Amino acid sequence: MTINLIVIGKLKEEYLRSACAEYIKRLGRYCTFELHELDECRLGDSPSEKEIACALEKEAEQIKKYAKGMIVPMCIEGRQLSSPELSEKISSAGVNGCSTVTFIIGSSFGLAPSVKNMGGLRLSMSKMTFPHQLARVMLLEQIYRAFQIAEGGKYHK
């Protein structure tokens, strides 16, 4: 199985890069991992709704180049799943012949509707708001946990 992670923006903090690198290393035991860090469209301090929508569509064009397989946009209006439920979704994708699961994390303004509509499953981590850079670490940890659960490993307990 391939886990494909598409993110808008790069990690700025070394401690976040280190945490991501650790989970990516751990995931190597279970899957092929692909990371696509795409450029964020720069906006001024007080962008209009139209400017935001335009920027999100430009980012969507980049995202669509790398999105494949089962597509899971991360968005606030998405479903919240438990770790075992996420494990089941990833496992069932593989059982049903889908060899790639693509997770997408947008910019601080989110994702364009066209990207959200690509997904069979829209996923939300929480009703709380997290920095997008921290969300990447959290998502990688949950994907790793999902594989551990599927294997019956001790990590989840």
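What you see is a predicted model; the values in this text were computed from it and never measured.

Caption draft 1: Examining the side chain of Arg136 more closely. Mapped onto the fold, Arg136 is located in helix H5 (residues 132-151). By relative accessible area, Arg136 is classed as buried at 5%. With residues up to four places along the chain from it excluded, the contact list for Arg136 reads Leu5, Val7, Gly9, Lys10, Leu11, Cys20, Leu35, Glu37 and Ile105.

Caption draft 2: Local environment of the packing of helix H1 (residues 14-27) against H5. Following both chains from N to C, one finds H1 and H5 inclined at 20 degrees, their axes separated by 9 Å at the closest point. By the criterion of interaxial angle, the relationship of H1 to H5 is roughly parallel. As H1 packs across H5, the resulting crossing turns out to be left-handed. Contacts between H1 and H5 involve Leu16, Ala19, Cys20, Tyr23, Ile24, Arg26 and Leu27 on the former and, on the latter, Gln133, Leu134, Arg136, Val137, Leu140, Glu141, Ile143, Tyr144 and Phe147. In the contact of H1 with H5, the residues fall into twelve nonpolar, one polar and three charged.

Caption draft 3: Spotlight on the sheet that holds strand E3 (residues 70-79). On the basis of which strands lie adjacent, the open sheet formed by four strands has the order E2-E1-E4-E3 and parallel pairing. The two strands at the open ends of the sheet, each matched to only one other strand, are strand E2 (32-38) and E3. Here the average twist between neighbouring strands, direction ignored, is 20 degrees.

Caption draft 4: Layout of the nonpolar core. Counting 29 residues, the largest nonpolar core has Ile3, Leu5, Leu27, Phe103, Ile143 and Phe147 as the members making the most contacts within it. Those elements that place two or more of their residues in this core are strand E1 (2-8), H1, E3, helix H3 (83-95), strand E4 (100-105) and H5. Per-element tally for this core: the top contributor is H5, with seven residues. Not counting chain neighbours up to four residues away, the residues in contact with Leu27 comprise Phe33, Leu140, Ile143, Tyr144 and Phe147.

Rules and cut-offs
- Residues numbered from 1 in each chain as written.
- Predicted model: local features only at pLDDT ≥ 70, side-chain atom pairs only at ≥ 80, totals over all residues.
- Heavy atoms only, no water.
- Helix = DSSP H or I, 4+ residues; strand = E, 2+ residues; numbered from the N terminus.
- Buried < 20%, exposed > 50% of the residue type's maximum accessible area, 1.4 Å probe, protein only.
- Contact = heavy atoms within 4.5 Å.
- Axes fitted to C-alpha atoms, helices over the stretch in contact; angles between N-to-C directions.
- Parallel < 35°, antiparallel > 145°, perpendicular 65-115°, else oblique.
- Left-handed = near helix turned anticlockwise from the far one by under 90°.
- Nonpolar A, V, L, I, M, F, W, Y, C, P; charged D, E, K, R; others polar.
- Pairing = 2+ DSSP bridges.
- Core = buried A, V, L, I, M, F, W, Y, C linked by side-chain atoms within 4.5 Å.

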